[in-house]
Amino acid sequence: HVQLVESGGGSVQAGGSLRLSCEVSGITEGTNCIGWFRQAPGKEREGIASIDSNDYTVYANSVKGRFTISRDNTKNTVYLQMNSLKPEDTAMYYCVAASSVLTHWANPPYWGQGTQVTVS
């Protein structure tokens, strides 16, 4: 089964940077897209970024130009480099897995446990 384990969250001042990691295991050829969602208190979960097996990337407008998603297949890890962080980026960040980019942005079936990011 698919397992996603996030790490790298923490507290940072506005304008700072964090790099989140997602260790991926148990995926098949049908799991072609890994990405990130976030959820702030009182808000719906928001898709942030995705990367598929062809390294095609998609970003939400709210993070475009500030966040970068990448993968290292040798380490089975997906990263989210977050720069120029703003207080509104404060949320629980979740690594997610889906069969395609479309499924990711619609309703990804596999979720990690989340890692907290707090920007002040």
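Conventions used here
Residues numbered from 1 in each chain as written. Predicted model: local features only at pLDDT ≥ 70, side-chain atom pairs only at ≥ 80, totals over all residues. Heavy atoms only, no water. Helix = DSSP H or I, 4+ residues; strand = E, 2+ residues; numbered from the N terminus. Polar contact = N/O pair within 3.5 Å; in protein donor to acceptor, adjacent residues only side chain to side chain. Contact = heavy atoms within 4.5 Å. Salt bridge = Lys/Arg side-chain N within 4 Å of Asp/Glu carboxyl O. Buried < 20%, exposed > 50% of the residue type's maximum accessible area, 1.4 Å probe, protein only. Phe/Tyr/Trp six-rings, centres within 6.5 Å; stacked < 30°, edge-to-face > 60°. Lys NZ or Arg CZ within 6 Å of the ring centre and 35° of its normal. Disulfide = S-S within 2.5 Å.

This part covers the side chain of S50. Examined against the element boundaries, S50 turns out to sit in strand β5 (residues 46-52). There is a polar contact of 3.1 Å between the side chain of S50 and the side chain of W105. Leave out the neighbours within four places in its chain, and S50 touches C33, I34, G35, Y56, T57, V58, I69, V101, H104 and W105.

This part is about the pattern of salt bridges. Evaluated as defined, the whole model comprises four salt bridges. With a closest N to O distance of 2.9 Å, E46 and R38 form a salt bridge. Using a relative accessible area of 31% as the deciding quantity, one classes E46 as partly exposed. Of the residues examined, R38 reaches a relative accessible area of 7% and is grouped as buried. Measuring nitrogen to oxygen at the nearest pair gives 3.4 Å for the salt bridge that ties R71 to D55. With a gap of 16 residues between them, R71 in strand β7 (residues 67-72) and D55 in the loop between β5 and β6 (57-59) connect regions that are remote in the sequence. Judged by its relative accessible area of 24%, R71 falls in the partly exposed class.

What follows deals with the packing of aromatic side chains. In total, this model carries two aromatic pairs according to the counting rule given. With 5.1 Å between their ring centres and 65° between their planes, F37 and W111 make a pair best called edge-to-face. Taken together, the residues span a long stretch of sequence, with F37 in strand β4 (residues 33-39) and W111 in strand β10 (residues 110-111) at a distance of 74 residues. On the basis of relative accessibility, which here comes to 7%, the residue F37 falls in the buried class. When the ring of Y94 is compared with that of W111, the centres are 5.7 Å apart and the planes differ by 75°; the resulting orientation is edge-to-face. One end of the pair, Y94, is in strand β9 (residues 91-98); the other, W111, is in strand β10, and 17 residues separate them in sequence. Cluster of aromatic residues (ring-pair linked, three or more members): F37, Y94 and W111. Its guanidinium or amino end placed over the ring of Y79, R19 lies 3.9 Å from that ring's centre, counting from NZ or CZ. A cation over an aromatic ring shows up here: R45 above the ring of Y94, its NZ or CZ 4.6 Å from the ring centre.

The final tally for this structure, using the stated rule, is one disulfide. Across the disulfide, C22 is cross-linked to C95 (sulfur-sulfur distance 2.0 Å). One disulfide, between C22 and C95, carries an S-S torsion of -80° and so falls in the left-handed class. With C22 in strand β3 (residues 18-25) and C95 in strand β9, this residue pair connects regions lying 73 residues apart in the sequence. Judged by its relative accessible area of 0%, C22 is buried. Residue classification places C95 among the buried residues on the basis of a relative accessible area of 0%. No disulfide involves C33; its sulfur sits 10.0 Å from that of C95, the nearest cysteine. Looking at C33, the relative accessible area reads 0%, which means it is buried.

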